[in-house]
Amino acid sequence: MNVNEALQPQFDRLERRFVALGAIALALSLLGAFVNPTEFFRSYLLAYAFWIGFPLGCLALLMLHHLAGGYWGFVIRRSLEAGSRTFWLMAVLFVPLLVGLFRLYAWAQPAAAQDPLWRQKHFYLNVPFFVGRAVAYFVSWILVAHFLNKWSFEQDRTGEPSLLGRFQALSGAGLVIYGLTITYASVDWVMSLEKEFFSTIYGMIFMVTPALAALSFAVVVAMLLAHHRPLSGVISESHFQDLGNLLLTFVMLWAYLSFSQFLIIWAGNLHDEIPWYMSRARGGWAVIALALVLLHWAAPFVLLLNRPVKRRMRVLAAVAVALIGMSLVDMFWLVAPAFYPSLSRLPWTDFVRDLLAVVGIGGIWMARFVSQLSSKPLLPLHDSRFVEAPFEAAQPEAS
């Protein structure tokens, strides 16, 4: 049996509810596509760019754990592995973006041939090459995730010590692949929405943001499972403190990269890139930018500096939920201004359409995640690095 008998019905019930929620939201979103297909594809791109970050972040954190070790990764490893096994689903959900390619990207439209700047970028930004790169990204992510999970199954079954070397070798190469593929994917799927913007830090921001969202999600899952066996006999306050420290690291890294991009472009007076920030500092977008500064960096930074916050699992989980929400706001701020110069003029129906797309894709992804999480023991078996681990017997504080 993979999970506790008392827990399996809860997994099954959650999976059914997420499937129903996602299916209903996507159906309603698709109804809107008949009225305004362009707006549907814009909302779908926003939702997809947000949710693809969770399997990407899970894969990155899983590889980081295999390279660095640490008890923090031991208690959330099953969540990370389950998230990394959802790439096939995300590959299927990417197909609607290919259908709406000509409605989303100006470079894919016939009129782009008349624009000198688009003509200069045509070698890279053309439909066949775009599709080929997307296939390469998903093949890379699926293969790395496949072997890490395959060897994890073998470790559970046999406890073969040599598997640790395989984990580390693939994770080292996999993190390089992760960095390269997510950089190009962020340029293809988001940056290319605006023809004049260019930034060498842009890809690094998209490397950190998924890891931050996925780690926040793993913290919430750990909190929900902390009082269920077998996790209840292992997880302790010190684990949540470690996870909180790692959350703080990613919050600081996100802020550093985001500010560095702004500082270099603004101080360098780069006239091609400054309009990208100007469009996000007017028409109501400045309010969202300020909210990101306060709620995606300042408030979490202050809270995560406090040891009691990190050792109280429910408080830390609340911070993690807020970070997930602000990651969605961050993606909205990155994507939406390319289509809507003024936030104040954005119809409320578009907000509803965006929400339906986020809930639709999210419900389907969550159902797949729950299914994968319930298919294996909630803790790794026979990992020689943690067999003799001196885990604390005390349970984490509930509040």
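Preceding this section is the structure that the text describes.
Residues numbered from 1 in each chain as written. Predicted model: local features only at pLDDT ≥ 70, side-chain atom pairs only at ≥ 80, totals over all residues. Heavy atoms only, no water.

*Asks:* Can you help me understand the pattern of salt bridges in this one?
*Replies:* Pairing between side chains of opposite charge can happen when their charged atoms approach one another. Taken as a whole, this structure holds ten salt bridges when the rule is applied. Put simply, Glu 39 and Arg 42 hold a salt bridge, and the shortest N to O gap is 3.3 Å. Taken together, the positions of Glu 39 and Arg 42, both in helix 2 (residues 37-51) and three residues apart, correspond to about one turn of that helix. Close ionic contact of Asp 115 with Lys 195 constitutes a salt bridge, the shortest N to O distance being 2.4 Å. Of this pair, Asp 115 sits in the loop between helix 7 (101-104) and helix 8 (116-120) while Lys 195 sits in the loop between helix 10 (163-189) and helix 11 (202-225), and the two are 80 residues apart along the sequence. Looking at Asp 115, the relative accessible area reads 17%, which means it is buried. Residues joined in a network through salt bridges with shared partners are Arg 77, Arg 78, Glu 81, Asp 156 and Lys 376. (Salt bridge = Lys/Arg side-chain N within 4 Å of Asp/Glu carboxyl O. Helix = DSSP H or I, 4+ residues; strand = E, 2+ residues; numbered from the N terminus. Buried < 20%, exposed > 50% of the residue type's maximum accessible area, 1.4 Å probe, protein only.)

*Asks:* Looking at this structure, I do not really get the layout of surface pockets. What am I missing?
*Replies:* If a probe as big as a water molecule is rolled over the atoms, it shows which places are left empty. One number sums up the size of the largest pocket: a volume of about 540 Å³. Ser 258, Phe 262, Ala 289, Val 293 and Trp 333 are, among the 22 residues lining the largest pocket, the residues nearest its centre. Among the elements of the structure, helix 12 (237-267), helix 13 (274-278), helix 14 (285-304) and helix 16 (313-335) are those that each provide at least two residues to the lining of the largest pocket. Broken down by element, the residue count for the lining of the largest pocket peaks at seven residues, all from helix 12. Here the residues of the lining of the largest pocket are counted per class, giving 18 nonpolar, two polar and two charged. Its boundaries defined by the atoms lining it, the second largest pocket holds a volume of some 450 Å³. If you go around the second largest pocket, you meet 21 residues; those closest to its centre are Leu 14, Phe 18, Val 221, Leu 224 and Met 366. When residues of the lining of the second largest pocket are traced back to their parent elements, those giving at least two are helix 1 (8-35), helix 11, helix 16 and helix 17 (348-373). Ranked by the residues each element gives to the lining of the second largest pocket, the list is headed by helix 1, at six residues. (1 Å grid on protein atoms, 1.4 Å probe; cavity = no way out; pocket = protein on both sides within 12 Å on 5 of 7 lines; lining within 4 Å. Points joined across faces, edges and corners; volume = space filled by probe spheres on them. Nonpolar A, V, L, I, M, F, W, Y, C, P; charged D, E, K, R; others polar.)

*Asks:* I'm lost on the environment of Phe 102 in this one. Help?
*Replies:* For Phe 102, the location among the structural elements is in helix 7. For Phe 102, a relative accessible area of 46% gives the class partly exposed. The spacing of Phe 102 and Val 127 is 25 residues in sequence and 9.1 Å in space, taken between C-alpha atoms. With residues up to four places along the chain from it excluded, the contact list for Phe 102 reads Ala 108, Gln 109 and Val 127. (Contact = heavy atoms within 4.5 Å.)

*Asks:* I'm lost on empty space enclosed by the protein in this one. Help?
*Replies:* Across all of its chains, the model carries four cavities of 30 Å³ or more by this definition. There is about 180 Å³ of room inside the largest cavity. Lining the largest cavity are 17 residues; nearest its centre among them are Ala 49, Ile 52, Phe 206, Pro 210 and Met 331. Secondary structure elements with two or more residues in the lining of the largest cavity: helix 2, helix 3 (53-68), helix 10, helix 11 and helix 16. Looking at side-chain class alone, the lining of the largest cavity contains 13 nonpolar, four polar and no charged residues.

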